[in-house]
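# Examining the three-dimensional arrangement
Residues per chain are reported as follows:
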Amino acid sequence: MTSTHRSTPGQPGETERRDAVVTPLRPAAGRPPAVTREHVLLDCVADAIIVVTASLEIRYANRAALDLAGAASGGVDGIDPFAIVHPDDLALAAGAVETAILDGETQVRLRLILPSGLLPVEALLTNHLDTVGIEGVVACFRNIEQEEALKASLQRQQQLDRTILTALTDELTGLPTRRLFLDRLDEGLVRARHANRALTVLFIDLDGFKSSNDALGHAAGDAMLRSTTERLLGTHPPATNWGRIGGDEFVVFVDDCDANRANMLAEQLSAALRQMVM
């Protein structure tokens, strides 16, 4: 697009602006395509760019778009803009054009079928139907293959992390199992040595739990263990420092905790557990 200014005779310093001149993206019928600066620049862009009419005909395609479509350089006649779109995404693609016409701009993610396989792309569609020389919807396609691969990899890692965490978490109480607790205790010991601070480990077991469990049933025993967990965490909240290492055995480590503080915490935990559980 270019614009020119010329001085108005007899009025020094004043200028008159002419209408902007836009080079048409498609030459008139029967004329060879003109090579313009705009075409050269667009052909240097790695992203595919096309211009689609309201009737879904291609008016222009840069070199990257022609390469994707497998078309000869410079020719857009007869190219079906949806020929390489995955069949399951056709309605999505057509709907995106309609949305761009109505709303002015929209984005959509599609899959293109190429000889090398499926290529995921993100398309930005902008309505330029009223722009002289363009008169269509401009669609810019961005390759998101690496982005999608990274996203899938992160999802797999998150699923693996959840699986591992589930395996290392006590299903009944939600506390870390013996293995996870010992791993975290090792990390705590490293921190304590590095900071030259004390670390305290407290063991808690429930007297008479087995007899109560046998007399009242497993459901009552499970409820007692869950209630015990709630009371322990209510007294010393960091759940990551706790562990259930046996049927009625719990353990916790406390960072930067000397003997006096350890005795106080032990008494607080005992007091919480001496209250009626059920």
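Since we're looking at a predicted model, the values are computed, not measured.

The next thing to look at is the pairing of strand S5 (residues 105-114). On S5, burial follows the alternation: Thr 106, Val 108, Leu 110, Leu 112 and Leu 114 on one face are buried, whereas Glu 105, Gln 107, Arg 109, Arg 111 and Ile 113 on the facing-out side are not. Relative to strand S6 (residues 117-128), S5 runs antiparallel, the two being bridged by 10 bridges. Within S6, the position partnered with Arg 111 by the bridge is Pro 120. With antiparallel pairing between neighbouring strands as the criterion, S5 and S6 make up a hairpin whose turn holds 2 residues.

Here we come to the sheet that holds S5. The strand order across the open sheet formed by 5 strands is S4-S3-S7-S6-S5, and the pairing between neighbours is antiparallel. If you trace the sheet from one side to the other, it starts and ends with strand S4 (58-61) and S5, each paired once. Looking at each pair of strands side by side, their axes are set apart by 25° on average, direction ignored. Here helix H3 (residues 90-103) sits on the sheet and contacts S5, S6 and strand S7 (136-143); the angle it forms with S5, its principal contact strand, is near 155°. Sheet strands in contact with helix H4 (residues 145-167) are S5, S6 and S7, and its direction is about 120° off that of S6.

The next subject is H3. Helix length check: H3 (14 residues) gives 20 Å between terminal C-alpha atoms against 20 Å at 1.5 Å per residue, within 8%. For H3, the full list of buried residues reads Ala 93, Ala 96, Val 97 and Ala 100. On an axial view of H3, the arc spanned by its buried residues comes to 95°, and they lie on one face. Of the exposed residues in H3, those oriented more than 90 degrees away from the buried face are Ala 91, Glu 98, Leu 102 and Asp 103. Where the residues of H3 are buried, they touch S5, S6 and S7. Where H3 terminates, the next one or two residues include Gly 104, which has phi positive at roughly 100°.

About the cut-offs
Residues numbered from 1 in each chain as written. Predicted model: local features only at pLDDT ≥ 70, side-chain atom pairs only at ≥ 80, totals over all residues. Heavy atoms only, no water. Buried < 20%, exposed > 50% of the residue type's maximum accessible area, 1.4 Å probe, protein only. Helix = DSSP H or I, 4+ residues; strand = E, 2+ residues; numbered from the N terminus. Pairing = 2+ DSSP bridges. Axes fitted to C-alpha atoms, helices over the stretch in contact; angles between N-to-C directions. Contact = heavy atoms within 4.5 Å. Expected span 1.5 Å × (residues − 1). Arc of directions from axis to C-beta.

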